[in-house]
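# Coordinate analysis (summary)
Residues per chain are reported as follows:
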Amino acid sequence: MFSDKLGEECGIFAGYSKNGDIAPHIKNGLLKLQHRGQESAGIATGDFTQTLHKNKGLVTEVFDDIAMKKLTGKFGIGHVRYSTQGGSNPVNAQPFLIDCAGGCVSIAHNGNVKKAMEIRDEFEKNGGVFVTSSDSEVLLRCVISDLKKPPDQWSFEDIGGCLKKDFPEGAYSLVFCLPNKVVAYRDPCGYRPLMLCEAKEGYFIASEDAAFDSLEVIKIVEIMPGEGVEITETGCETKNWAQCGSESKCVFEHIYFAAPASTIFGKNVYQVRFELGTILAKDDNIKPDIVVPVMESGFTAAIGYSRESGVPLETGLLCDLLAGRSFIQPTQEARVNKVREKFTPVRPAVEGKTVVLIDDSIVRGTTSTAIIKMLRAAGAGQIHVRLSSPMIVNTCSWGVDIPTKSELIAHRFGTEEEISRAIGADSVRYLNPGDLKAVFGESGWCYKCFMGDGFVY
Ligand code: AMP
């Protein structure tokens, strides 16, 4: 029935523009969130009536001058989508817009709600029809059906009440554009980040604060777990809509997803990754000639490793960031080909050198295996792999695209020695889970992908 996996990592941006033209602000914000999703992009703007433009592609491809001219109005929401394998159908691009009798309502969503499938089945049994396979549509249809009044009469509390009733469990940050306001909600456990900005130009919400870069910022605050925001023409107000649950901020946001320029969950991503790199270097027992980052997500940890160890950082591996994501290719062969397409070893930098290769994580082992082969072909000597995260031993129920357990390399080979042999490295070392917890703290964070059921490190 579904061609799509429901959980999604994505980026959202929303707001109100004092000059009456929100679309350019949303486009700028989405450009800064492009790393959170490259498969499709969309913007909905307006108030009582709304205009929606969305398509497959990067923000610059989807929003040319013609599209931007259509997007008028002072309120709006935008989305960049990371689709998983088989889910890149443009019909699932967000925002999702419904034109109701009492005005338009649109929604954009980052995360994963539980029970969306069951609720959808129930709707369908009663004759309901869905046009996408996205859980965002389920969310919106639930709110419409629960509230039974036109969207221009929906209050922040009305929507919060529906979310509490229908989606008590889930990892989500959500924005709605209504006829007279924009509202946002962060789930009670706070898995995904959500930031609020008061700027000279208006009021804005985004997955990460780096998205506010092009604004004249007055104040940025984090929207807390169980909290939301209401933005109207007269200002913005943060409000609680649910009791904060057991806080579970996603550590993987810091390790992989978010931009180094962002400060999310009260910590700056660059500083965290740098620190993880220094920890990796501190008690390392190898004598490398050069540190080579696996761009882009391994870069900051590699700088930390290099500073701490005194080993020079080299561009031993070029990365074509526009080559697309190897991770979501449907077959292992296609994933390997994509890695080869994406990375180019730099022979003069690596030839005859003992290399310490820094990446943020190994999931299936595709990237590291292919890269090591390429570096060896370019004349590298020993290659030691260091990861700025612990072993990924579990899948994620909360929106991070991690394949089935049986595909995880740490599940297939339980030790660093075996993994090193499997990927063709001279050695592999992961960040110790205890060190990760020392950086972030024992509680308040979701470590589930690193803490398998009964898995012993
Ligand atoms: P793999 O090639 O399967 O071992 O995946 C690891 C590589 O993919 C690393 O270079 C990571 O930066 C990147 N990565 C890790 N997790 C994800 C994810 N959920 N989606 C896309 N890429 C990821």
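How each quantity is defined
Residues numbered from 1 in each chain as written. Predicted model: local features only at pLDDT ≥ 70, side-chain atom pairs only at ≥ 80, totals over all residues. Heavy atoms only, no water. Salt bridge = Lys/Arg side-chain N within 4 Å of Asp/Glu carboxyl O. Helix = DSSP H or I, 4+ residues; strand = E, 2+ residues; numbered from the N terminus. Buried < 20%, exposed > 50% of the residue type's maximum accessible area, 1.4 Å probe, protein only. Near = heavy atom within 4 Å. Areas by Shrake-Rupley, 256 points an atom, 1.4 Å probe, with all protein chains shown as cover. 1 Å grid on protein atoms, 1.4 Å probe; cavity = no way out; pocket = protein on both sides within 12 Å on 5 of 7 lines; lining within 4 Å. Sits in = over half its atoms within 2 Å of the grid points. Nonpolar A, V, L, I, M, F, W, Y, C, P; charged D, E, K, R; others polar. Points joined across faces, edges and corners; volume = space filled by probe spheres on them. Domains from an automatic or database assignment. Pairing = 2+ DSSP bridges. Contact = heavy atoms within 4.5 Å. Buried area = accessible area lost by both parts, 1.4 Å probe. Polar contact = N/O pair within 3.5 Å; in protein donor to acceptor, adjacent residues only side chain to side chain. Axes fitted to C-alpha atoms, helices over the stretch in contact; angles between N-to-C directions.

### Some words on the pattern of salt bridges
If you walk through the whole model with that rule in mind, you get 26 salt bridges. As a salt-bridge pair, Asp213 and Lys32 come within 3.4 Å of each other at their nearest N and O atoms. Highlighted residues: Asp213 in the loop between β10 (202–206) and β11 (217–222) and Lys32 in helix α1 (residues 23–32), separated in sequence by 181 residues. Classification of Lys32 as partly exposed rests on a relative accessible area of 36%.

### Points about the site of the ligand
The environment of the ligand is made up of 18 residues, and the closest members are Asp359, Asp360, Arg364, Thr367 and Asp401. Coverage of the ligand by the protein chains reaches 94% of its 490 Å² of free accessible surface. At a threshold of 2 Å from the grid points, most atoms of the ligand map onto the largest pocket. Taken together, the elements giving at least two residues each to the shell around the ligand come down to α7 (251–257) and α12 (366–377). Its residues assigned to classes, the shell around the ligand shows seven nonpolar, five polar and six charged.

### A short note on empty space enclosed by the protein
To find the voids left in a structure, one rolls a probe of water-molecule size over its atoms. Considering all chains together, one arrives at three cavities of 30 Å³ or more under this definition. Put simply, the largest cavity is a space of about 80 Å³. Every residue lining the largest cavity is listed: Tyr191, Arg192, Cys250, Phe252, Thr395, Cys396, Trp398, Val400, Cys446, Lys448 and Cys449. Taken as a whole, the second largest cavity encloses approximately 40 Å³ of empty space. The wall of the second largest cavity is formed by Val294, Leu357, Asp359, Ile362, Ser368, Ile371 and Val385.

### A short note on the environment of Ile119
Among the secondary structure elements, Ile119 is positioned in helix α4 (residues 116–125). The sequence separation of Ile119 and Phe63 amounts to 56 residues, and the corresponding C-alpha distance is 34 Å.

### With respect to the layout of surface pockets
Counted as a void, the largest pocket has a volume near 1300 Å³. Classifying every residue of the lining of the largest pocket by side-chain character gives 19 nonpolar, 14 polar and 13 charged. Two domains each donate at least three residues to the lining of the largest pocket, and these are domain 1 (10–247) and domain 2 (273–450).

### Brief notes about the pairing of strand β9 (residues 195–199)
Counted residue by residue, β9 has four buried out of five residues, so it is predominantly covered. When β9 meets β10, the two strands line up antiparallel, connected through five bridges. Each bridged residue has a counterpart across the sheet, and for Met195 the counterpart in β10 is Ala206. Bridge analysis of β9 against β11 gives five bridges, and the strand direction is antiparallel. Each residue of the ladder has a partner; that of Cys197, found in β11, is Ile220.

### Some remarks on the domain arrangement of the protein chain
We note that the domain assignment places domain 1 (10–247) and domain 2 (273–450) within the protein chain. A C-alpha centroid distance of 33 Å is found between domain 1 and domain 2. The interface of domain 1 with domain 2 comprises 17 residues on the first partner and 14 residues on the second. Surface buried jointly by domain 1 and domain 2 totals about 1200 Å² across both partners, of which 54% is contributed by carbon and sulfur atoms. Here domain 1 is connected to domain 2 by four residue pairs in polar contact (both at pLDDT 80 or more). Looking at side-chain class alone, the side of domain 1 that touches domain 2 contains four nonpolar, eight polar and five charged residues.

### What about the sheet that holds strand β17 (residues 290–293)?
Sheet strands pair by backbone hydrogen bonding; their relative direction is either parallel or antiparallel. With parallel pairing, four strands are arranged side by side in an open sheet as β17-β20-β21-β22. Strands with a single pairing partner mark the edges of an open sheet, and in this sheet they are β17 and β22 (427–430). When the angles between neighbouring strand axes are averaged without regard to direction, this sheet yields 20 degrees. Both strand β20 (residues 355–359) and strand β21 (residues 383–387) contribute to a ladder of five bridges, which runs parallel. Residue pairing across strands places Leu357 opposite Val385, the latter belonging to β21. Against the sheet, helix α14 (residues 416–423) touches β21 and β22, its axis set at about 130 degrees to β22.

### What to know about the pairing of strand β6 (residues 103–113)
Burial runs high along β6: eleven of the eleven residues are buried. Bridge count between strand β5 (residues 96–100) and β6: five bridges; the pairing is antiparallel. Paired with Ile98 across the bridge in β6 is Val105. As defined by bridge partners, β6 adjoins strand β7 (residues 170–177) across eight bridges and the pair is classed as antiparallel.

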